[in-house]
Structure formats: structure tokens, C-alpha cells
Amino acid sequence: MAFQEINSKMVQATVTPGQRLFSQRGAMLAYRGEVSFTPNLRGGQGGVMSMIGRRVANEDTPLMTVEGSGTVFFGHGGHHVQVINLAGDTLYVEADRLLAFEGTLEQSTVFLGSQGGVMGMVRGQVSGQGLFTTSLKGHGSVAVMAHGGVFEVPITPQRPVRVDPQAYVAHHGDVRNKLSTALGWRDMVGRGSGEAFQLELSGSGTVFVQASEEKL
């Protein structure tokens, strides 16, 4: 495991020769050893299309590639940081809540509401949250950010979970998702939170929810 939680707002990562980490730009707080930080224009291991997706999601800065030999401390904006370990499965993380991840993970950019069809896309644009999501697949660890802490909600076939898109952080498992509205179109004017929009997750897995609706 590359990441170790130092406190609720900082993680420590060990960098070794021949391996690399990727982090959000501006996430490095301090480091020791011979470590380099370079912009990654390919958007991690997802290629050019991954980078395009992140730009559409208003993430106009590239990831940073972290290499060398030493220790790096990551954090960003005083936000809560949570480490999630993957053992061959896929984690979906809202793009602006991704702090750092191991280079062993395969990255791509997906539309979170794709299973909701065209209307799901429209609703995602209106709500301003939960539109583009980064998927990370394989074996490795991921550090994600949130407001006010993170809690995990189990998703079971008998109990789907509905989340305010602005409170959604990440999810994994055999899960389907769709964006829906709880109000009519006339009632949605000026509303962008869960009172108007809901992200429904069904199947078997876990969703990570932040304790605040505030955007990062």
C-alpha cells in the first residue's frame, strides 16, 4: 500500500525507483528524498481521451507524475482525505475529488450518468455534479478528498441507495447508476442539490458519501 493516513487531512506516500504515483496538481504538501514532479499530459494511464474528459469536467490542469525515491505528503485545501485500497476491482471517483493514486492502476474517464441515457446527461449538466467520473482499476491504493469526512453506505440488491450528486465521492462493486429528478422541470429552476436530483445506485457494492454538499 503506497498511501498511509497521517491525519484526517494528510496522507503519506512512499515513492520507490521504477514505480510512479499520480496526483492532482497542487496536492504535494512536502517531501523528502530525491523525488520529481512533472505534468502528465496523457492524463495518467487513460490516454488523451481521459485528459479530454477531465477538461470537460472543468479540471483544466493535468495530473502530476511523481517519481524517484523518497516520501511525499499529500493534501489539498484542508479537505478530509480517505485512502481506498483496490484488489483487482474498479473504483469510480468524481474527478475533482481524486487526490492521488498509484501508477499500477489503469485510469479512464467515464460519464457517471451514462446508464441513465440522454436525459441523465442533461440532468447531470444542470446539477453540475456527478457528470464525469474517473475510473481506476487494478491493484493499488487511491486517496480521495471530501468535505466533513466520508462515510460508507452498502449497496445491496434489496436496498438501492440514492445519493445527492453533490455529496457523492466514489463507489465500487457490481453497481448500476442513473441520474434522476425528484421534481418536475418547472420546480427545478434554481435547484441543483438532492432535493431536485438524485443519483441512484443499485446492485452490490459500496458508495462513499461526504458529509457535506459543498463542492470542492
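Residues numbered from 1 in each chain as written. Predicted model: local features only at pLDDT ≥ 70, side-chain atom pairs only at ≥ 80, totals over all residues. Heavy atoms only, no water.

Trainee: An account of the overall build of the protein is needed here, citing residue identities and associated values.
Mentor: The number of helices and strands found in the protein is two helices and 13 strands. For the protein, buried positions account for 50% of its 216 residues. For the protein, the proportion of contacts with a sequence separation of at least 24, taken over those separated by at least 6, is 82%. For the protein, the exposed surface amounts to about 10100 Å²; the carbon and sulfur share of it is 50%. (Helix = DSSP H or I, 4+ residues; strand = E, 2+ residues; numbered from the N terminus. Buried < 20%, exposed > 50% of the residue type's maximum accessible area, 1.4 Å probe, protein only. Contact = heavy atoms within 4.5 Å. Areas by Shrake-Rupley, 256 points an atom, 1.4 Å probe, with all protein chains shown as cover.)

Trainee: So what's going on with the pattern of salt bridges? Residues and values would help.
Mentor: According to the stated counting rule, one finds three salt bridges in the structure shown. Notably, a salt bridge pairs R20 with E67, separated by 3.2 Å at the nearest N-O pair. Residue R20 is found in strand β3 (residues 20–23), and its partner E67 is found in strand β5 (residues 63–74); the two are separated by 47 residues along the sequence. Look at E67 and you get partly exposed, because its relative accessible area is 26%. A salt bridge links R97 to E94; the shortest N-O distance between them is 2.2 Å. The exposure classification of R97 matches that of E94, with both residues buried. (Salt bridge = Lys/Arg side-chain N within 4 Å of Asp/Glu carboxyl O.)

Trainee: Can you break down the environment of Q198 residue by residue, with the values?
Mentor: Structurally, Q198 is set in strand β13 (residues 197–210). Remark: the alpha-carbon pair of Q198 and K178, spanning 20 residues in sequence, is separated by 8.3 Å.

Trainee: Before we move on, can you summarise the environment of S8 with the specific residues and values?
Mentor: Locating S8 in the fold gives a position in the loop between β1 (3–7) and β2 (10–15). Its relative accessible area of 40% is what places S8 among the partly exposed residues. The spatial distance from the C-alpha of S8 to the C-alpha of V81 is 5.8 Å, given a sequence separation of 73 residues. Excluding its chain neighbours within four sequence positions, the residues that come into contact with S8 are H79, H80 and V81.

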